[in-house]
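Spelled out, the chains give:
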Amino acid sequence: MKNNYYLIANAHLDPVWQWCFPEGLSLVKSTFRSALDRMNEYDGYIFTSACASYYKWIKLNEPEMFEEIRHRVEEGRWAVVGGMWVQPDCNIPSGEAFCRHMLYSQKFFKEHLGITVRTGYNVDSFGHNGMLPQLLKKSGIDNYIYQRPDNRNEKPNLPFDNLHLWQSPDGSTIRCFHIPDGYGGNADDERLKDHYYNKNQPMMVFFGVGNHGGGPSKRHIETAEKLIAQGNFKYATPDEYFEETKDVPKPLVTEDLQHHASGCYSANSRVKELNRRAETALVTAEKMDVLANAITGSVTHQAEIEKAWERVMFNQFHDILAGCSIKEAYTDAENAFGYARETA
């Protein structure tokens, strides 16, 4: 294979963590603006980003920027991944909630960007339940990228390669890439020697700064340009990587992919309780809404229910639902869960 290293420019963005969502919106806007500006400066540069809620924020708040993004998506220089509303915790939400993440997100991307996301991207979620391949596959997603558990500290001897297959109990199988050393930073030679040059498989190399860092800086891109000039490296999209490695032999994994920060699963029981109550209330409301329509011909409340699910899905972001955000963020979360339950 000519290109063994696929350079993936990206920025992991926490909409809520040590800040609340208004600041999260600001960092999404600044990062997307930076990515678009770098495309004007570097021919061939490709940027990758996830989370339907971020794109909806931009469409509502910066429609001109959204049109720029849409143009770059059509051009093939802006890769949309994830296929979910946020990067959720991948253990706590119900199966119905995961279905809504992918239903509403794929619908948004199809209607407004003309695409169906093919690659899942939960690089910071704390663990990944073994039913996800089935849910992803049935939502049109064939590939998955993750980084937790960390194979340096949490599972130093992972029994499978970075590029592997992952199968759920029903037999649904997707292609996965486990990031070996983090989803950001510079693609410098020291990092590549430590984590990439010793692999026997083609590798994706994720680079850039997340959150308030604005994605790949000019310094990061200059480093990438030098690697590309040497050969064996190229700017790429995750979809391209998975397509070009489809014939590479891959080990099969049939287990949960656990576990990072396991203490989070016993932290902040209040947000976990509110999440489950809101999920249950909305599923019940949807059933009654459809039943009433079938029996009496009444108008369904799809728009109201979808808006309520958006609040719940946003609160399933891993740093909110796992209980490791700032106190003020949980006031916002409780209000949003309350809105969802009141709607139900």
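See above for the structure.
Read across the sheet, five strands follow the order S4-S6-S8-S7-S11 without closing on themselves; strand pairing throughout is mixed. One side of each edge strand has no neighbouring strand; the edge strands of this open sheet are strand S4 (119–122) and strand S11 (252–253). With four bridges connecting them, strand S6 (residues 143–146) and strand S8 (residues 173–178) associate as parallel partners. Bridge pairing links Tyr-146 to His-178 in S8.

A few words now on the nonpolar core. In this structure, Phe-32, Tyr-55 and Trp-78 are the most contacted members of the largest nonpolar core, which totals 85 residues. Top element by residues in this core is helix H1 (residues 21–41). It accounts for seven residues. If sequence neighbours within four positions are ignored, Phe-32 has contacts with Leu-13, Phe-47, Ser-49, Tyr-54, Tyr-55, Ile-58, Met-65, Ile-69 and Trp-78.

Two elements in contact, helix H3 (residues 63–75) and helix H4 (residues 95–113), have axes separated by 11 Å at closest approach and are oriented at 90 degrees. Considering the angle they form, H3 stands roughly perpendicular to H4. Contact with H3, carried on its side by Phe-66, Arg-70 and Val-73, involves Phe-108, His-112 and Leu-113 of H4 and no other residues of that element. Tallied by class, residues from the contact of H3 with H4 come to four nonpolar, one polar and one charged.

Mapped onto the fold, Lys-234 is located in strand S10 (residues 233–235). A distance of 3.2 Å separates a polar atom in the side chain of Lys-234 from a polar atom in the side chain of Glu-244.

On to the pairing of S6, then. Here S6 shows a buried face lined by Asn-143 and Ile-145 and a second buried face lined by Tyr-144 and Tyr-146. Two strands pair when backbone bridges link them, and S4 and S6 are joined in this way by four bridges, in the parallel orientation. If you follow Thr-119 over to S6, its bridge partner there is Asn-143.

Another point: the pattern of salt bridges. If you walk through the whole model with that rule in mind, you get 24 salt bridges. Note that Arg-70 is salt-bridged to Glu-74, the shortest N-O span being 2.8 Å. Of the two residues, Arg-70 and Glu-74 both sit in helix H3, four residues apart, roughly one turn of that helix. Relative accessible area serves as the criterion here: at 26%, Arg-70 is assigned to the partly exposed category. In this structure, Asp-181 and Arg-191 form a salt bridge, with 2.6 Å as the shortest nitrogen-oxygen distance. Placement of Asp-181 in the loop between S8 and helix H6 (189–195) and of Arg-191 in helix H6 is noted, with a sequence separation of 10 residues between them. For the pair formed by Asp-181 and Arg-191, the shared burial category is buried. Each of Arg-270, Glu-273, Arg-277 and Glu-334 takes part in a single network of salt bridges with overlapping partners.

Conventions we followed
Residues numbered from 1 in each chain as written. Predicted model: local features only at pLDDT ≥ 70, side-chain atom pairs only at ≥ 80, totals over all residues. Heavy atoms only, no water. Pairing = 2+ DSSP bridges. Helix = DSSP H or I, 4+ residues; strand = E, 2+ residues; numbered from the N terminus. Core = buried A, V, L, I, M, F, W, Y, C linked by side-chain atoms within 4.5 Å. Buried < 20%, exposed > 50% of the residue type's maximum accessible area, 1.4 Å probe, protein only. Contact = heavy atoms within 4.5 Å. Axes fitted to C-alpha atoms, helices over the stretch in contact; angles between N-to-C directions. Parallel < 35°, antiparallel > 145°, perpendicular 65-115°, else oblique. Nonpolar A, V, L, I, M, F, W, Y, C, P; charged D, E, K, R; others polar. Polar contact = N/O pair within 3.5 Å; in protein donor to acceptor, adjacent residues only side chain to side chain. Salt bridge = Lys/Arg side-chain N within 4 Å of Asp/Glu carboxyl O.

Note that all results are geometric; they support no functional claim without further evidence.
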